[in-house]
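Reading the structure
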Amino acid sequence: TVEHGFPNQPSSLAFDPILQIMAIGAKSGAVKIYGAPGVEFTGLHKDTATVTQMHFLPGQGRLLSLLDDNTLHLWELQQKDGSSQLEEARSFILPGRPGSPPSITRITVILVSASCAVAGLGTEGGGVYFIQIPSLKLLEEKTLLQDEIIQSLPDDYRCGKTLGPVESLQEHPRQCGKILIGYSRGLVVLWDQESRRAEHLFLGNQQLESVFWERDSSSFISSHSDGGYMVWEVTAGSSTTLQPTTSKIPYGPFPCKAINKIQCRSSSSGNPYVIFSGGMPRASYGDRHCVTIQQGKNLVTLDFTSRVIDFFTVCPLKSEDGMTTVNTNLLKGCL
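Since the model is a prediction, treat every value here as computed from it, not as a measurement.

Some points on the overall build of the chain
Helix and strand counts for the chain come out as three helices and 26 strands. A compact globule built from 335 residues would reach a C-alpha radius of gyration of about 20 Å, and the chain, at 20 Å, matches this within 12%. Summarising its shape, the C-alpha atoms of the chain cover approximately 60 × 50 × 45 Å along the three principal directions. As presented, the chain carries roughly 16300 Å² of accessible surface, and 49% of it is formed by carbon and sulfur atoms. In the chain, the 28 positive side-chain charges and the 32 negative ones have mean positions that sit 3 Å from each other.

Examining the nonpolar core
Residues Ile181 and Leu187 are the most contacted members of the largest nonpolar core, which totals 22 residues. Counting only elements with at least two residues in this core, the list comes to β9 (107-112), β11 (128-132), α1 (146-150), β12 (166-171), β13 (178-183), β14 (187-192) and β15 (197-203). Once residues lying within four places of it in the same chain are set aside, the contact partners of Leu187 are Ile149, Leu153, Tyr157, Leu163, Ile181, Gly182, Phe202, Leu203 and Gly204. Listed in part, the 18 residues of the second largest apolar core include Leu64, Leu66, Leu74 and Cys116.

Regarding the side chain of Ser222
Examined against the element boundaries, Ser222 turns out to sit in strand β17 (residues 219-224). A polar contact is formed between the side chain of Ser222 and the side chain of His224, at a distance of 2.8 Å.

Quick word on a nonpolar patch on the surface
Taken together, Ile18, Leu19 and Leu317 make up a surface patch of nonpolar side chains, about 270 Å² in accessible area. Following the sequence through the fold, Leu317 ends up in the loop between β25 (308-313) and β26 (330-334).

Notes on the packing of aromatic side chains
Throughout the structure, instances matching the rule amount to seven aromatic pairs. Summarising the aromatic geometry, the rings of Phe202 and Trp232 are spaced 6.0 Å apart at their centres and angled 75 degrees between planes, so their arrangement reads as edge-to-face. With Phe202 in strand β15 and Trp232 in strand β18 (residues 229-233), this pair connects stretches of sequence that are 30 residues apart. For the pair Phe202 and Trp232, one class covers both residues: buried. With 6.4 Å between their ring centres and 70 degrees between their planes, Tyr251 and Phe276 make a pair best called edge-to-face. One end of the pair, Tyr251, is in the loop between β20 (246-248) and β21 (259-265); the other, Phe276, is in strand β22 (residues 273-278), with 25 residues separating them in the sequence. Among the aromatic residues, those joined into a ring-pair cluster are Phe202, Trp213, Phe220 and Trp232. The ring of Tyr157 has Arg185 lying over it, and the distance from NZ or CZ to the ring centre is 4.2 Å. The ring of Phe311 carries the charged tip of Lys261 above its face, separated from the ring centre by 5.0 Å.

Considerations on the pattern of salt bridges
As enumerated under the stated definition, the model contains eight salt bridges in all. Lys32 serves as the salt-bridge partner of Glu40, at 2.8 Å between the closest nitrogen and oxygen. For Lys32, a relative accessible area of 5% translates into the label buried. Residues Arg288 and Asp303 are paired through a salt bridge, measuring 2.5 Å at the closest nitrogen-oxygen approach. Taken together, the residues Arg288 in the loop between α3 (282-285) and β23 (289-295) and Asp303 in strand β24 (residues 298-304) connect sequence positions 15 residues apart. Classification of Arg288 by relative accessible area gives partly exposed; the value is 32%. With relative accessibility at 38%, the residue Asp303 sits in the partly exposed group.

The rules behind these values
Residues numbered from 1 in each chain as written. Predicted model: local features only at pLDDT ≥ 70, side-chain atom pairs only at ≥ 80, totals over all residues. Heavy atoms only, no water. Helix = DSSP H or I, 4+ residues; strand = E, 2+ residues; numbered from the N terminus. Rg over C-alpha atoms; globule rule 2.2 N^0.38 Å. Areas by Shrake-Rupley, 256 points an atom, 1.4 Å probe, with all protein chains shown as cover. Lys, Arg positive; Asp, Glu negative; His and termini not counted. Charge placed at Lys NZ, Arg CZ, Asp CG, Glu CD. Core = buried A, V, L, I, M, F, W, Y, C linked by side-chain atoms within 4.5 Å. Buried < 20%, exposed > 50% of the residue type's maximum accessible area, 1.4 Å probe, protein only. Contact = heavy atoms within 4.5 Å. Polar contact = N/O pair within 3.5 Å; in protein donor to acceptor, adjacent residues only side chain to side chain. Patch = residues over 30% accessible without salt bridge, like charges linked within 9 Å, V, L, I, M, F, W, Y side chains within 5 Å. Salt bridge = Lys/Arg side-chain N within 4 Å of Asp/Glu carboxyl O. Phe/Tyr/Trp six-rings, centres within 6.5 Å; stacked < 30°, edge-to-face > 60°. Lys NZ or Arg CZ within 6 Å of the ring centre and 35° of its normal.

The quantities given are spatial measurements derived from coordinates; they are silent on function.
Below, the structure is given as structure tokens:
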């Protein structure tokens with residue numbers, strides 16, 4: 001059997017910055033890994049289900065995949081009989097809570113820690129669960145349910161509403177025990193795992209789509225369903241932030257599509273790159289598929305003929321000052 005060309009019906013994308021390999025998942029359950037020219041590996045899940053998310057364990061030759069049946073799978077590149085093969089090592093399904101519907105524990109987002117020893121699983125019910133890697137064993141003592149977060153909120157912000165699903169999990173770039181948890185309602189929490197407390201609350205009210213730490217970890221950027229993004233300062237000595245320092249709708253003021261994913265990357269020229277998918281005006285570009293690259297007042301829109309599944313930036317691992325800077329190479333996975 002010989003395969004040629006791009007995988008049929010791609011549904012997810014991942015990149016390992018250390019090994020410089022890319023993975024593409026498909027609706028058929030297939031997993032393809034590409035490296036240097038001629039380096040290609042293929043794997044197939046036992047069940048025919050869509051691969052909704054993939055995450056490399058950087059530098060390890062391991063890959064986590066999530067299917068739309070809510071099963072998590074660990075893949076490994078292994079040496080056998082003098083050749084390398086991609087094999088599924090083990091799988092995991094998050095157990096449901098007694099008396100709760102299955103959707104409560106449906107995984108919406110995955111965070112692989114910098115140490116690659118633990119992965120965080122954000123769920124539709126607003127809970128965050130943690131599993132050990134590579135055993136995929138549930139660490140029940142680390143489980144964080146939405147009720148514990150709600151107790152930390154001001155009374156006027158609660159209003160009897162739930163926070164919604166977990167939309168984003170981001171580990172603090174310099175303090176590995178702290179993670180940003182973004183909820184659909186707009187709330188973002190800086191959670192300290194060691195002390196089990198909400199160190200900082202960012203009381204947003206616009207539906208959240210994604211969150212990304214900025215270069216110096218003193219701020220982060222969030223994207224929203226109204227086609228806008230906000231920059232939030234993480235200030236010491238303050239436990240609650242009511243308003244962002246910056247709020248923009250790049251293609252406003254008319255109604256815009258949601259910004260599904262956003263990244264902010266520093267550059268040698270000084271002004272950072274803000275890169276995002278979506279956010280176009282609904283009336284004139286509602287049926288278009290775009291990725292925008294913005295640097296200062298300069299803005300470039302990449303218009304695709306098919307839906308943008310995901311994108312990633314290819315950056316040097318470290319610059320002279322120890323920070324990450326962006327390269328001009330931008331890769332996209334399109335359907």
